[in-house]
Number of protein chains: 2
Amino acid sequence: MTLETTLAAIGPADEQAMAAARELQGRLTKPAGSLGVLEELSVRLAGLAGTCPPPMPEPAAIAVFAGDHGVHAQGVTPWPQEVTAQMVANFIAGGATINAFARQVDASIMVVDVGVKIPLHGGENLLEANIRRGTHDLAVTAAMSEDEALTAIQVGLSVAGALVEGGAKCLLTGDMGIANTTPAAALVAAFTGASPADVTGRGTGVDDETYERKIDVITKALALHEPDPAQPITTLAAVGGLEHAALAGFILGAASYRVPVIIDGVIAASAALVAAALAPNSVAAMVAGHRSAEPGASVALANLGLTPLLDLGLRLGEGTGAALALPLVASSVRVLREVATFDSAGVSEK
Amino acid sequence: MTLETTLAAIGPADEQAMAAARELQGRLTKPAGSLGVLEELSVRLAGLAGTCPPPMPEPAAIAVFAGDHGVHAQGVTPWPQEVTAQMVANFIAGGATINAFARQVDASIMVVDVGVKIPLHGGENLLEANIRRGTHDLAVTAAMSEDEALTAIQVGLSVAGALVEGGAKCLLTGDMGIANTTPAAALVAAFTGASPADVTGRGTGVDDETYERKIDVITKALALHEPDPAQPITTLAAVGGLEHAALAGFILGAASYRVPVIIDGVIAASAALVAAALAPNSVAAMVAGHRSAEPGASVALANLGLTPLLDLGLRLGEGTGAALALPLVASSVRVLREVATFDSAGVSEK
C-alpha cells in the first residue's frame, strides 16, 4: 500500500457500532459505568472495528523500530550510541524487558532496523530495512530528507500490513534508539506548539546539566527549522528520527486496517502526532498504553484526546508500556463479548 | 491453621532478598529506575518470597467471598438484596465480569458463601460456608458476634490454605454483597480515624440523597459502637460484614504462606486494615491492584503504605481490579527472572 492509498483508506469511527456498544454495556450484569475507562475503551474499539462486539485484540504483534540519531553529537544523553545496536541484538536474543513482557502477554516481536548506525548481524525476527545509518544532527541540519522520511513511513506501513495479513488483531509500537527522546520532544513541540521545556524529559535519566543542554538543543533546532505542523513530512524530516517516521507509518497502517494500535511512550506518541496530522481519523485506532514519565508523551496524548491506561512511571521504551497495557485492552473487549446481560442471567436491576 | 498459629507465622519481609533484588535491577539491560513502580514491586515480592528472583505469581487463584448485610434496611443502596445471590449464580455460570477477566489472565475462581441471605443451589466452584444468612443491621446493633467474625476469618484462612496447597502462587481477593461498601467505609473510618464523609463513596452509583443517608448511617453506627482499632475483632464484628471478615482471614492466610495477595477494591482494602491490625507484617504480602473510585479504598491503601498499580475509575468489585492487575505483578517478577544483565548481553553502560 502506498501512503496515499493508506491515507484514503482511513475512515472515521463507526457511530452505529459505538452506540451499540454503549447500549450493550448498559445491559450487562454490572452497575452502569462501573468499569470506568475500560467501558469507553470498549466503545472506541467497537467504533474502530465497525461492529459490536469488536474482535478480541489477540494475537497481538509488537514491532520495535530502531534507529540512531545525529543529535547524539550534542551530548543529549550519557549513553554511547553503540547501545542501540547492542540492544537490538539483545531483543533478537530475547534478553530485553520487552521480550519478557511479550512472553507474559503472548505477543510476537518483530525488530525493524530503519536507521541503526552499526550494521547488525541478522536474526530470526529482525527485518533489515535500514534507510540510512543514523540521521543527521537536527541541531545543525534536517535530520533526514523528505524522501527518507517517506521511505521510513512506507516501511512502517509495510510492517503493519505484513503483521495484520499474518493474523495480528492488535499492533503494539516499540522503539529503540539512543538519543531518540530528543527528536520526539522536538516533534511534540512542533506539532502541539508546547514549549521545549514543557515537552523535554530526562529520557533514560540524564543529569541537570544534560537536561538543560537537551532543552537548549531542541529550542535551537526549532528556531533553525521553523517547522510548520501543516507540513507534517517536512517537519518529520527536519526534527524527527527514522524510527519515529516508521512508527507514524505503522500507526497509519493499523488505522487503515481498522486494527487497534497501542501507543507506548513518547517516541510513539510523537509519531502518533505525525500520523494524526496526515490522517486525523487515524486517532480512532490509537490506544494510549500508559502515561510515560516523559512529559512530552502527556502533552502529545492530551493533544490527541487520548487517556492513558497505565501510569506506572515507566520511561524504558521498547514497547514495554504498550505490552503491559495489552491485557487491559483485551479485557475491555472481553466484557462486551462474554459478560451476561441482566435478562440472560436473571439478575434484578435497581 | 488456627488464627493464632497463622498470626505467629507471619514474619517480616526478608531484607537480604530485597537488597539482592535492588542490586539485580541495577544490572539488568535497562536504565536504572526505568520501570517505575514495577521495580519496587519486584523488590517487595522478593522480600516476601525470601529469595531473589521470587517465583512467578502463576497460577493465580481468585476467591470471591459473598455475604448480605442487615444495613441494607437503611436504604443505603437502590439494588435489591436478592442480587447478591443472583450474582453468585452468575459467577458460578461464568457470566460475570470477574469470570471474563479471570479467563483473560488465566486465573481460577472459587466462590465462597459466607453470609448470603438466600440459600444457593450449589455449583462446581462454590464453597458453601455460610455462617449466617446476612449480618444484623450495624446501624442498630453489632453486625455479627465476635465468634461469627472469627469463624469467617477462619473460613478465609482455610480457603487461602487450600488454594496455596493446591498450587496457587498468587491469591486475588474478590467480593460480592449488596450494600457491602457501607460496612467497608465504616471499617476504614474505624481503623484510620478518617471521617465518614471522606471514606464513603457512591458504591454501585447511588444518588445524592442515598449518598447523604449512607454517610449519616455510618456516622451514627460509629457513634453507637465506638469501635476501638486496637480491638480489631470487636471492631470487625460491630461494623463489618462476613465477607470482609473472611477476606481479612484470606489475606492473613496468604501472608502466612508468604504468597502475594492482590487487593481489589474498598471491601478488600477495609479487610486489609483488619489483617494489618492483627498482624502488621501481613502488609508485606499485599499488592494493591488498583485505585477504586471509592474514596475509602484510597484512604485505606494510604494508611497501609500501598501504591495501587491501576487507576481506571473501577467500582465494580468482584475482584475485577485485582484480576486486571495480575499481569503487571507477573511482569514485574518476570523482569528479575528473565532480563539479561549488561554483562551477559554485552551491552555498554553509560
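The coordinates are above.
Note that the coordinates shown come from a computational prediction; the quantities given were computed from them, not determined experimentally. (Residues numbered from 1 in each chain as written. Chains lettered and ligands numbered in written order. Predicted model: local features only at pLDDT ≥ 70, side-chain atom pairs only at ≥ 80, totals over all residues. Heavy atoms only, no water.)

Colleague: Hey, could you go over unusual backbone geometry for me, with residue numbers and the actual values?
Modeller: With the exception of glycine, most residues fall at negative phi, and the peptide bonds are largely trans. Residue and element names in this part refer to chain B. Omega for the bond connecting C52 with P53 falls within 30 degrees of zero, at -5°, which places this linkage in the cis form. Relative to the assigned elements, P53 resides in the loop between α3 (37-49) and β1 (60-67). Its identity as a non-glycine residue notwithstanding, D106 has a phi of 60°, on the positive side. Along the chain, the position of D106 falls in the loop between α5 (97-105) and β2 (107-115). Although it is not a glycine, A179 adopts a positive phi angle of roughly 85°. Residue position: A179 is located in the loop between β4 (170-176) and α7 (181-192). (Helix = DSSP H or I, 4+ residues; strand = E, 2+ residues; numbered from the N terminus.)

Colleague: Which residues make up the pattern of salt bridges, and what values go with them?
Modeller: Throughout the structure, instances matching the rule amount to 18 salt bridges over all chains. Among the salt bridges present, the one from A:R22 reaches A:E40, with a minimum N-O distance of 3.7 Å. Of this pair, A:R22 sits in helix α2 (residues 15-27) while A:E40 sits in helix α3 (residues 37-49), placing them 18 residues apart in sequence. Each member of the salt-bridge network shares a partner with another, and the members are A:R103, B:R334 and B:E338. (Salt bridge = Lys/Arg side-chain N within 4 Å of Asp/Glu carboxyl O.)

Colleague: Let's hear about the side chain of A:S42: which residues, and what values?
Modeller: Considering the arrangement of structural elements, one finds A:S42 in helix α3. Discounting residues that sit within four places of it in the chain, A:S42 has contacts with A:A21, A:Q25, A:P54, A:S332 and A:L336. (Contact = heavy atoms within 4.5 Å.)

Colleague: Tell me what's going on with the relation of the copies chain B and chain A, and back it up with residues and numbers.
Modeller: By a simple turn and slide, chain B fits onto chain A: the slide is 0.0 Å along the axis, the RMSD is 0.0 Å, and the turn is 180°. When the rotation and shift are considered jointly, the pair of chain copies conforms to a two-fold rotation axis. Across chain B, the smallest distance between a C-alpha and the rotation axis is recorded for B:L310, namely 3.2 Å. (Least-squares fit on C-alpha atoms with pLDDT ≥ 70 in both.)

Colleague: I'd love a proper account of the interface of chain B and chain A, names of residues and values included.
Modeller: Residue-level contacts link 54 residues of chain B with 54 residues of chain A. In this assembly, chain B packs against chain A so that about 4,500 Å² is buried in total across both faces, 61% of it on carbon and sulfur atoms. Three residues, B:Q104, B:L312 and B:K350, lead the burial of chain B against chain A; their summed loss comes to 15% of the area buried on that side. Joining chain B to chain A, the criterion identifies two salt bridges. A:R103 serves as the salt-bridge partner of B:E338, at 2.8 Å between the closest nitrogen and oxygen. Our count for the contact surface shared by chain B and chain A stands at 22 residue pairs in polar contact (both at pLDDT 80 or more). (Buried area = accessible area lost by both parts, 1.4 Å probe. Polar contact = N/O pair within 3.5 Å; in protein donor to acceptor, adjacent residues only side chain to side chain.)

Colleague: Give a detailed account of helix α12 (residues 266-278) of chain B, specifying residues and quantitative values.
Modeller: Residues and elements named next belong to chain B. The terminal C-alpha atoms of α12, which comprises 13 residues, lie 19 Å apart, in line with the 18 Å expected from a rise of 1.5 Å per residue. Most of α12 sits out of view: 11 of its 13 residues are buried. Buried within α12 are the following residues: V266, I267, A268, A269, S270, A271, A272, L273, V274, A275 and A276. (Expected span 1.5 Å × (residues − 1). Buried < 20%, exposed > 50% of the residue type's maximum accessible area, 1.4 Å probe, protein only.)

Colleague: Explain the environment of B:G249 to me, and be specific about the residues and the numbers.
Modeller: Here B:G249 lies in helix α11 (residues 242-256). When sequence neighbours within four positions are dropped, the list of residues in contact with B:G249 reads B:I153, B:G156 and B:L157.

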